[in-house]
Structures are given as C-alpha cells and as structure tokens.
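As a plain string of letters, each chain reads:
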Amino acid sequence: MREEKTREEKAREEKAQVEKAQVQNPKPAAAADRAAGTVTAAGIGAARSVLFVPGSRPDRFAKATASGADLVVIDLEDAVGPGGKDEARESVVAWPHLTGVAVRINAAGTDWYEADLAAVLAAHATGKGPAAVMLPKADAVTAAATAAALPAEVALLPLIESARGVRDADRIAECDRVVRLVFGSVDYAHDIAATPRPPAEDELLYARSVLVNSSRAAGLAAPVDGVTLALDDPDITEREARRSRDLGFGGKLCLHPRQLPGVHRAFLPTGEEVAWARRVADAARRSDGGAARLDGEILDKPRLEHALRVLAQAGIGGGGVQASGGV
C-alpha cells in the first residue's frame, strides 16, 4: 500500500515539475521564432496553440502576439463581416509585424479570395508579408492552386472543414508549401450534418483520424485540431485538447488567450506518463541490450520509442538509452 502511495506521490511531483518548466514556454522551434519575431516552417510544425485574432481589430494584433500563443493567425474570414473585408485587409497588410504571424484568407471561390491573395503577394514583394497563409474550405484543387500562387518561402496551412477536404486529405498533404493540416471541426460537422457531443466527439473521429494518418504518411507535423467553443471554462478546453493529443494531433486552434494555458498543459505528458516512461528507460538500461521486461510484459521497440518520445516532450533525456537497443 505504501509503495503504491509513493508511486502516486512521485507521479504528482513529476507532473508539477513538467508543468512548471514548460506550460508557459513554447517548444524550442516556436521559442526561437518568437524571439526572432518571425515564423519558420519548423516553428509552425511545433506550435501547440494557434490563436485567431480578428483582422478587423488591428488594436489586438500586438496583444495576440504577446499572449504566449505559439502561432497567431490574423483572420480575414469568419471574424470579419462582408462589409468589413476590404478595410480589414488593408489593416492587416499595413501592420509592420506581419512576418511573425499567419493570415487566414477567404476561401477560394468567394468574392474576396483573389484580393486577399493579391494583398499577401504584394506584402511579400516588399519583404513584409505573412509567414504562412491559412486556406479555409481547402480541397485538393484549391490547395494546389493556392500553393502554386504563393512564394516559396510562404507556408500553406490548409483548413480542412468539408467532406471534400477530408476525402482529399492525402492529396492536400502532398501539396507544395503545405507544412501542416488544420481541422475545421465546427464547419465540417455542419457540412456532414453531424451533431458532435463533447468532450469525446466520436461523431468526428473518422475525420480526425484521416488528418492524423494523412499527415504522418506525407511526413508533415502532427495536425492542428479545431476550436473549443466554450470560452469561460478552461477545463473543457484542456480536456478536449488532451483528447486531440491522444488521437495524434500536435496542436489546437484557440479563440481566446485564456484557452492557451490549458492547451499547453494538454500537449505535455502527464506526471503518470513521465513516471512510466522513466521506468521503461530504466528497464531498457538494465537489460544492457537484451530483452527488457516491465510489470511482467516484454518491452518491444515501439513501446521504448514511445517512452523516449514522452521523456523528450517533457524535456527529460532518456539517459543514453537508444530505441534501437535495450529491447
């Protein structure tokens, strides 16, 4: 009984140490981007939190970038009404720090897509364009066309939020300029007439799994999951973000800065996971290259790799253990 309690205490201590060290800090690539005031493909791929800010509110742009979000997306689509599109576009391209953010343009086929794209290209011609473009309602055709129009240094973030987009996920993931897939869960549910029931949202499990698999097959970073609509309950955000992580997502869209701490916590290993990973690494080290066992079970290479990945995510080394050995 005392041994079990001690293990629980150690797990709680591990969790507290991990959260204290990392919740407010981005992953190394995202941290480097933030310090430099720019966004790289590596930083986009490492982002846990992707925060929207309305393109019609230039007074909030700097606040968003100072919020602690790993990546900020200035939104010209859903957050801006039809009558404010032109003014918002002008405000966005006039902002002097555009190189440090992404911009969500309007979908292909809308009245504003061509003007949004032209504005992005014009900003890049002066060296002041956004680091990435998020394309809503993406499918294989619109993703390929948008990618072809963008300069080589601009990343493309296809927002997959329709049945066509999910159907085309493999092809979208293989497009030039694409560095990460993003799931528009709310619009996708509307498109297929589904009624998601949080926090599990089993009704959207197929689409989420498709994005995870397509990303992995194409060699992309783990995809970004959709928003949590509840703004005043951080526990809901954290639970939904942890579900996303468990499914293989690497980040989550956010609607408000108060959602960021929960998302950052969710994409860290729990104290229990870190404690288990330490025990796996210790067992592999003791085996000295031979077959390792833990709790009566053989530790195969995939489980050792998973344990080492957990330790790396927590900022803890594996003590010299290699995934190719010790099992």
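These notes cover the structure that comes with them.

Parameters at a glance
- Residues numbered from 1 in each chain as written.
- Predicted model: local features only at pLDDT ≥ 70, side-chain atom pairs only at ≥ 80, totals over all residues.
- Heavy atoms only, no water.
- Patch = residues over 30% accessible without salt bridge, like charges linked within 9 Å, V, L, I, M, F, W, Y side chains within 5 Å.
- Areas by Shrake-Rupley, 256 points an atom, 1.4 Å probe, with all protein chains shown as cover.
- Salt bridge = Lys/Arg side-chain N within 4 Å of Asp/Glu carboxyl O.
- Helix = DSSP H or I, 4+ residues; strand = E, 2+ residues; numbered from the N terminus.
- Buried < 20%, exposed > 50% of the residue type's maximum accessible area, 1.4 Å probe, protein only.
- Contact = heavy atoms within 4.5 Å.
- 1 Å grid on protein atoms, 1.4 Å probe; cavity = no way out; pocket = protein on both sides within 12 Å on 5 of 7 lines; lining within 4 Å.
- Points joined across faces, edges and corners; volume = space filled by probe spheres on them.
- Nonpolar A, V, L, I, M, F, W, Y, C, P; charged D, E, K, R; others polar.

**Details of a nonpolar patch on the surface**
On the surface, a cluster of nonpolar side chains totalling about 320 Å² of accessible area is made up of V186, L229, L231 and L255. As for its placement among the helices and strands, V186 is situated in helix α10 (residues 185–191).

**Brief notes about the side chain of T237**
Tracing the backbone through its elements, the reader meets T237 in helix α12 (residues 234–247). You can call T237 buried: its relative accessible area is 2%. In this structure, T237 is in contact with T228, A230, K252, Q259 and V263, ignoring residues within four places of it in sequence.

**Points about the layout of surface pockets**
If you add up the space inside the largest pocket, you get close to 620 Å³. Lining the largest pocket are 21 residues, and of these A222, G248, F249, R309 and Q313 sit closest to its centre. Sorting the residues of the lining of the largest pocket by element identifies α3 (41–46), α11 (205–218), α12 and α15 (301–313) as the ones contributing at least two each. Broken down by element, the lining of the largest pocket gets its largest block of residues, four residues, from α15. Broken down by class, the residue content of the lining of the largest pocket amounts to eight nonpolar, seven polar and six charged. Of the voids in this model, the second largest pocket is the one considered here, and its volume is about 490 Å³. The wall of the second largest pocket is formed by 24 residues, among which F52, D75, R104, V227 and L255 lie closest to the centre. Broken down by secondary-structure element, the contributors of at least two residues to the lining of the second largest pocket are β1 (49–54), α4 (61–65) and α10. Broken down by element, the lining of the second largest pocket gets its largest block of residues, four residues, from β1. Among the residues forming the lining of the second largest pocket, the class breakdown is 13 nonpolar, four polar and seven charged.

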